[in-house]
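Each chain, letter by letter, is given below.
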Amino acid sequence: MCIRDRLKDIPLIRLEDGQHVTLSQDGPQRAFLPGEELTGFPTVKRMICENSNSRAFLTALGLTVPDVVDDVIKNLLPRYQNISSKSVPPSSYADDIKRILAAFRTDSAMKSSELVSVLRKSHFLASVDTKLKTCCLNQPEQVYMATERLKELFSNVLGVLIIDDSRSYLKGDEIRKLFEACGVARYLQQIEINAQFSESERQEMRRKEWEVRRKEGSCGCSGNEKIQDHTLRGLQELLIIFPELDKQDAKNRAGLLWEALCSVENQRGADIFSGTYSWDYYTVRSYQFDANFIRQLNDFSWVPDSDG
């Protein structure tokens, strides 16, 4: 009989909180060796492990240092999921971000991918509404990076969320890489929408596609119609406030918006400006049209008051 079997019923392992536990058998590990990072797993009292012989003995029993990625996924992120209301980050928020960042440093590509996947679904990111200035927790894909250009472009725009960079621990190159991996947008963010085109509008697009092909047949449709269209996060909210801006501010915002659109094109290519309508007619056919946000901009008109 091995030493582990002999000791399995003896609660000889003392945890940091003073409890004594037995060795795990078939279930989850009941105790871990203390590592460099604090975790939410039950950990052997650190003072005990400072003795090399004690640590070697516990290692021989099968105890290991907890995996920091597992710690974040199992112990930390559950409290940042399924948040139904805007809530202020807890007092431990700074420490939580430190643990997430430590886990993100893993040298395991598989573990890193697993962590990012869960982070994308979690409301763990402290962000600020650019008009209300209120701080709340949101999923990364709902938030913009706090660049100077984006903060200036969306200043006082209701409903646009930007990382709360008043918190020093949410700034820096390392955490920026984490945010970008999780889906925080550094440039104007594309958002898919449900486009509604009338039958006559769709027929007109099919006719234009047929004219380009110049082949025999007609511009008919036998089914399986699909429309892919998108806008840019915050654009509609930005256009709404233009009547409230003075002439100089409106001019500055227009210039910033133009620069932001150019940056999007550089990052995503010219296709960002188009939506696609596809349908079946003996084969799959498609036609590209101006994306929703381009139509918004083309329809937008506003002249500031003469005394504005």
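What counts and what doesn't
- Residues numbered from 1 in each chain as written.
- Predicted model: local features only at pLDDT ≥ 70, side-chain atom pairs only at ≥ 80, totals over all residues.
- Heavy atoms only, no water.
- Helix = DSSP H or I, 4+ residues; strand = E, 2+ residues; numbered from the N terminus.
- Buried < 20%, exposed > 50% of the residue type's maximum accessible area, 1.4 Å probe, protein only.
- Polar contact = N/O pair within 3.5 Å; in protein donor to acceptor, adjacent residues only side chain to side chain.
- Pairing = 2+ DSSP bridges.
- Axes fitted to C-alpha atoms, helices over the stretch in contact; angles between N-to-C directions.
- Contact = heavy atoms within 4.5 Å.
- pLDDT = per-residue confidence, 0-100.
- Phe/Tyr/Trp six-rings, centres within 6.5 Å; stacked < 30°, edge-to-face > 60°.

### Some words on unusual backbone geometry
Here is step 1: Notably, Lys133 is not glycine yet its phi reads approximately 65°, a positive angle.
Here is step 2: Tracing the chain through its elements places Lys133 in the loop between strand S3 (125-129) and strand S4 (135-138).
Here is step 3: Lys133 gets classed as exposed once you look at its relative accessible area, which sits at 51%.
Here is step 4: A positive phi angle is found at Asn156, which is not glycine, with a value near 60°.
Here is step 5: Inspection of the secondary structure assignment puts Asn156 in the loop between helix H7 (148-153) and strand S5 (161-163).
Here is step 6: With relative accessibility at 39%, the residue Asn156 sits in the partly exposed group.

### Re the environment of Asp246
Here is step 1: Among the structural elements, Asp246 can be located in the loop between helix H10 (235-241) and helix H11 (247-268).
Here is step 2: With a relative accessible area of 42%, Asp246 lands in the partly exposed category.
Here is step 3: Among the polar contacts listed, one links the side chain of Asp246 to the backbone nitrogen of Asp249, at a separation of 2.7 Å.

### Description of the sheet that holds strand S9 (residues 283-290)
Here is step 1: Reading across from one edge, S6-S7-S8-S9 is the order of the four strands in this open sheet, with antiparallel pairing throughout. The open sheet is flanked by strand S6 (190-193) and S9, the only strands paired with a single partner. Geometrically, the sheet is characterised by an average inter-axis angle of 20° between neighbouring strands, direction not taken into account.
Here is step 2: The pairing of strand S7 (residues 223-232) with strand S8 (residues 274-281) spans four bridges and is classified as antiparallel. Each residue of the ladder has a partner; that of Lys226, found in S8, is Ser278.
Here is step 3: Of the strands in this sheet, S7, S8 and S9 touch helix H9 (residues 199-213), which is tilted by about 110° from S9.
Here is step 4: Running at roughly 60° to S7, helix H12 (residues 292-299) makes contact with S6, S7 and S9 of the sheet.

### Let's talk about the confidence of the model for the chain
Here is step 1: Confidence along the chain averages 87 in pLDDT terms, with 89% of residues attaining 70 or more.
Here is step 2: Mean pLDDT across the elements of the chain ranges from a minimum in helix H1 (residues 3-7), with 62, to a maximum in S5, with 97.

### As for the packing of aromatic side chains
Here is step 1: In the structure shown here, the tally under the stated rule is seven aromatic pairs.
Here is step 2: Here the aromatic residues Tyr80, Tyr93 and Tyr169 are joined through ring pairs into a cluster of three or more.

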